[in-house]
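Fold and contact review
Chain by chain, the residues:
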Amino acid sequence: MTTDIYILGIETSCDETAASIIKNGHEIVSNIVASQIESQKRFGGVVPEIASRHHVEQITLVIEEALHVAGLEPADLNAVAVTEGPGLVGALLIGINAAKAFAFANGLPIIGVHHIAGHIYANQLMQQMEFPLLALIVSGGHTELVYMKDHGSFELIGETRDDAAGEAYDKVARVLGLPYPGGPQIDKLALASDDAVDFPRAWLEPDSYDFSFSGLKSAVINYKHNIEQKGGTIVPEHVAAGFQKSVIEVLTAKTVRAAKQYDVKQVIAAGGVAANKGLRASLDAAFEQENIPFYVPPISFCTDNAAMIAAAGTPMYMAGVRGDMSMNGRPGMQLTSWNE
Amino acid sequence: MIWLGIDTANTPLSVAIVKDGTVLAEVNSSMAVNHSLRAMSTIEELFATVQLQPKEIDAIAVSEGPGSYTGVRIGVTIAKTLAWTLKKPLVGVSSLKTLAANAFYFDGAICPIVDARRNNVYAGLYEYEDGHLNAIKEDGHFAIEDLLDSLKEYERPVLYIGKDVAMHEVAIREKMGENAIIAPFPLQLPRASSLIHMAQQSEREENIHAFTPEYRRIAEAEANWLMQQRKDKASE
Ligand SMILES: Nc1ncnc2c1ncn2[C@@H]1O[C@H](COP(=O)(O)OP(=O)(O)OP(=O)(O)O)[C@@H](O)[C@H]1O
Ligand SMILES: [Mg+2]
C-alpha cells in the first residue's frame, strides 16, 4: 500500500510571505504568496525591518489559506518544511517560529530547508529531476552552478566572485532610473530594443565556472557617465540590451560547458533571474543544439515561493532529516548535502 | 481554565502555564540568548513538565511590546500561530504593563523602563487601583531626560522597575531625589504568570490574524520616507 505524503512549505526569507502544500513531492495542492513589492517599492529596495513587519501581519493568513485551498486539516500533513536560510535574519525568523509553533501544536516534524535547494527543487514540480543533473541558480543573492549526482547531493562547481546576477540587474536598473525590482524592467527594454551597446564579458580563467558581474556593472556606469559628460543622453533600451546580452552570453556558455564536462542527463535553471525571457530563450536554444534536456520552471516558480520549499522538504522528509524547536534563522547558511 | 503565557519582548525570556489560578510552572531567564533558540524549546519543555498536550490549553497570553523588534516579533508570531491553529483565544498585554505587574500592590505610581539605546527608553506609568493596574501615561518611546522631566511634575514617589533601570539609575536619582524608588532585583524580570494575570483582566483579540506587535515606534526607513514626502510636498 502506498500512502500520499503532504508537506506544508513556509518561506519568508526576503519580501514574500508564502505557504504551500505539496503532495508526494511534485503535485501542487495549494500555493499562496503574499508579496510586499508594492510596499517596498517606495524605498527602492527591500528594507529588512519593513519586511519583518509585513511577515508578522501575513504569516498565519497565508498558512490558513494554503490549508483552505488544499481542503486539508493539519492532521492530514506529514511535516512542515521551512526556509532556514540564507536570507534576511529577521524575516527568516517569522517563518521559522510560525513553523515551529504550528508543528508543535499539531505534533508534526519540522524540516529546515536551504532556500537555494528550494529554488532547484522548483523544477521537481514540473517534471521528474534526473541525475546526474546540473543546476544554474541565478537569483537576487546567488549565481551558482551546482552539480547533483542524486537527490540531496549538492556540489558547487562555480559561483559569483562579486555581485549576483539579480543584484547586477537591480543595480543597472537603478542607474537607468527604472523602478524596483529592476530585473523584469531591463528584460522588457532589452527585448524591445533594435540595437545593443557593446559591453565586456567576464569569462575569467579559461577553465573557471565562476562568474563576475561587477565589472559589467561599472562598464554600464562609465558608459552613461562618458556620454552624459559630452552633453549627450543614453538610449536606455540599447544599454539594457547590451547589458543583458553580456550577462546571458556568459551564463549560457559556462552552463553549456559544465553540462558537457560533467556529462549530465538534465540541466535546470532556477531563481528569480531564470524568469528572464532572454536567458530562457538562449539556454533553450543552446541545449536544444547540444541535445541535453533543459528545463526551467514557469516564472511564478522562479521567484520566491513556498511550493519549492515543500518540494525540497519532501525528499528530506523521506531521508529522515529533522529539525527541532531550537531552529534558528541562518542568514549565511551554506548549501550542504543531506544525502552523502 | 489553562493559560499559556509568553514574553520574549526583551532580553529576558519568560514562559508560564497557569491552571485555575495556580502557576503550574514558570521558566524565567535573562541570558542574552537568541529567543529563536530558546522560546519554542522552553515552551516544549514546559508542556512536558506539566504533562499537558498543546491542545489542552484554553487561552494564550503574549507580551505584545514595546521592546526589541525581533524579540517582540518572535513571541507574537509563536502566540498568534498557536492561538490560530489550536483555535484558542489570544490576549496581547503590554510588555511594560507586565513589568509593572511585578509591583501589583505598590501604593503609588509604577514606571516600568526598558532601554532603547542612545539614551532612549520605552516606558509607561501605571497605578494599582481597585484590583486593576491602570495606565496613567501611555506606553511610549522617550528620551530618558524628557521622561524624567515629565515625571518630576508628578511630585510623588515613583517606583522604577525593570532590569534596565540600573543603566539609568544615576540620572533617575539625580533628577527625582527622594521620590525615586528603585525596585529590587527579584522584581526586575518580566514574569509570564504576571502577564497571564493581566491578560485575564483584558479583552481578547478579535482577529488573531491581524494581531501585530505594539512597536511604539515607526520603522526608521518609513520615518525617513514620510519626512521626504513632507519635504517634497512643501517644495511643490
Ligand atoms: N525577468 C527578469 N530578468 C532579470 N532579472 C529578474 C527578472 N525577474 C526577476 N529578476 C530578478 O530576480 C531577483 C529576485 O529573485 P529571487 O526572488 O529568486 O531572489 P532573492 O530571493 O531575493 O535572492 P536569493 O534567492 O538568492 O536569496 C531580483 O534581483 C530581480 O530583479
Ligand atoms: Mg530567492
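Here the residue index of a chain counts from 1 through its sequence in written order. All chains are assigned letters beginning with A, and all ligands numbers beginning with 1, in the order in which they are written. Per-residue local features of the predicted model are confined to residues with pLDDT of at least 70, and side-chain atom pairs are confined, for both listing and counting, to 80 or more; whole-chain, interface and lining totals are unaffected and use all residues. Calculation of side-chain values draws on the structure's entire complement of heavy atoms; hydrogens and water are dropped beforehand.

The next thing to look at is the overall build of chain B. Within chain B, the regular secondary structure consists of 7 helices and 10 strands. Atoms counted for the radius of gyration: C-alpha only. Globule rule: 2.2 Å times the number of residues to the power 0.38. The C-alpha radius of gyration of chain B comes to 19 Å, within 12% of the 18 Å expected for a compact globule of 236 residues. Based on the C-alpha atoms only, the size of chain B along its principal axes is roughly 55 × 50 × 35 Å. Per-residue burial over chain B gives 53% buried out of 236 residues. Here the analysis covers contacts within chain B between residues at least 6 apart in sequence; of these, 65% occur between residues at least 24 apart. When charges are counted, Lys and Arg are positive and Asp and Glu negative, with His and the chain ends excluded. Note on charges: their place is set at NZ of Lys, CZ of Arg, CG of Asp or CD of Glu. Side-chain charges in chain B split into 23 positive and 32 negative, and the spacing between the mean points of these groups amounts to 5 Å. Comment: elements are numbered from the N terminus, with helices defined as DSSP H or I runs of at least four residues and strands as E runs of at least two. Buried means the residue's accessible area, taken with a 1.4 Å probe over protein chains only, is under 20% of the maximum for its type, while exposed means over 50%, and partly exposed covers the values in between. Between two residues, a contact is recorded if the distance between any of their heavy atoms is within 4.5 Å.

Below, the discussion takes up the domain arrangement of chain B. All names here are of chain B. The domain limits used here are those given by an automatic or database domain assignment. You can read the domains of chain B as domain 1 (2–95 + 189–216) and domain 2 (97–187). On a C-alpha basis, the centroid separation for the pair domain 1 and domain 2 is 23 Å. Here's the idea: put two parts together, see how much 1.4 Å probe accessible area each one loses, and the total over both is what we call buried area. Here domain 1 and domain 2 share an interface that buries about 1,600 Å² over both sides, 56% of which is from carbon and sulfur atoms. For the domain 1 face of the interface with domain 2, the top three residues by lost area are L189, M198 and R216, together amounting to 35%. Definition used for salt bridges: Asp or Glu carboxyl oxygen within 4 Å of a side-chain nitrogen of Lys or Arg. Linking domain 1 with domain 2 are 1 salt bridge. A salt bridge links E138 to R216; the nearest nitrogen and oxygen atoms lie 2.8 Å apart.

Residue and element names in this part refer to chain A. Summarising the metal site, the magnesium ion (ligand 2) is bound by the protein donors H115 (NE2), H119 (NE2) and D304 (OD), whose distances to it range over 2.1 to 2.2 Å. Counted as coordinating are nitrogen, oxygen and sulfur atoms within 2.8 Å of the metal, or 3.2 Å for Na, K and Ca, while water is not included, which may make sites look incomplete. Of note, the magnesium ion (ligand 2) draws all its donor residues from one chain, in the sequence arrangement H-x3-H-x184-D. Note that H115 is positioned in helix α4 (residues 115–121) and D304 in the loop between α10 (299–302) and α11 (307–318), a separation of 189 residues in sequence. Comparing H115 with D304 shows no difference in burial state: the two are buried.

As a further point, take helix α4 (residues 144–152) of chain B. Within an α-helix, residues lying three or four positions from one another point in the same direction, as the helix has 3.6 residues per turn. Taken together, the buried positions of α4 of chain B are I144, L147, L148 and L151 of chain B. What you see down the axis of α4 of chain B is that its buried residues fit within an arc of 95 degrees, all on one side. When we speak of the arc, we mean the arc of directions from the helix axis to the C-beta atoms.

Residue and element names in this part refer to chain B. A pair of strands is considered paired only if DSSP assigns at least 2 bridges between the two. Reading across the sheet, the 5 strands line up as β3-β2-β1-β4-β5 and stay open at both edges, with mixed pairing between neighbours. At either end of the open sheet lies a strand with only one pairing partner, and these are β3 (22–29) and β5 (90–93). Ignoring which end each strand starts from, the neighbouring axes of this sheet average 15 degrees apart. In this fold helix α2 (residues 69–86) packs onto β1 (2–7), β4 (59–63) and β5, with an angle of close to 165 degrees to the strand it touches most, β4. Its contacts with the sheet put helix α6 (residues 192–199) on β1, β2 (13–19), β3, β4 and β5, and the angle it makes with β1 is roughly 120 degrees. Interaxial angles span 0 to 180 degrees and are taken between N-to-C directions of axes, which are lines fitted to C-alpha atoms, for helices over the stretch in contact.

Quick look at the site of ligand 1 now. All names here are of chain A. To be near a molecule or strand, a residue needs just one of its heavy atoms within 4 Å of it. Taken together, 19 residues form the shell around ligand 1, and within it S139, G141, H142, D170 and D304 come nearest. In protein, a polar contact means a hydrogen-donor-capable atom and an acceptor-capable atom, both N or O and within 3.5 Å, with residues adjacent in sequence counting only if both atoms are side-chain atoms; elsewhere, any N or O pair within 3.5 Å suffices. Taking D170, its side chain carries an N or O atom lying 2.6 Å from an oxygen atom of ligand 1. One of the backbone nitrogen or oxygen atoms of G183 is found 3.1 Å away from an oxygen atom of ligand 1. In isolation ligand 1 offers 640 Å² of accessible surface; the protein chains occlude 88% of this area. Listed by contribution, the elements that provide at least two residues to the shell around ligand 1 are α4, α5 (165–175) and α6 (182–192). Gly counts as polar in this scheme, as do all residues outside two lists: the nonpolar Ala, Val, Leu, Ile, Met, Phe, Trp, Tyr, Cys and Pro, and the charged Asp, Glu, Lys and Arg. Taken together, the residues of the shell around ligand 1 break down into 5 nonpolar, 11 polar and 3 charged. When residues of the shell around ligand 1 are assigned to domains, at least three fall in each of domain 1 (6–121 + 302–318) and domain 2 (131–296). Throughout, the Shrake-Rupley method with a 1.4 Å probe supplies accessible areas, and for residues the shown protein chains are the sole cover considered.

Here we take up the sheet that holds strand β7 (residues 143–148) of chain A. Residues and elements named next belong to chain A. Spatially, β8-β7-β6-β9-β10 is the arrangement adopted by the 5 strands of the open sheet, whose pairing is mixed. Of all strands in the sheet, those bounded by a partner on one side alone are β8 (155–159) and β10 (294–295). Pairing between strand β9 (residues 266–270) and β10: 2 bridges, direction parallel. The partner of V267 across the bridge, within β10, is F294. Helix α8 (residues 236–261) contacts β6 (133–138), β7, β8 and β9 of the sheet and is inclined by roughly 160 degrees relative to β6.

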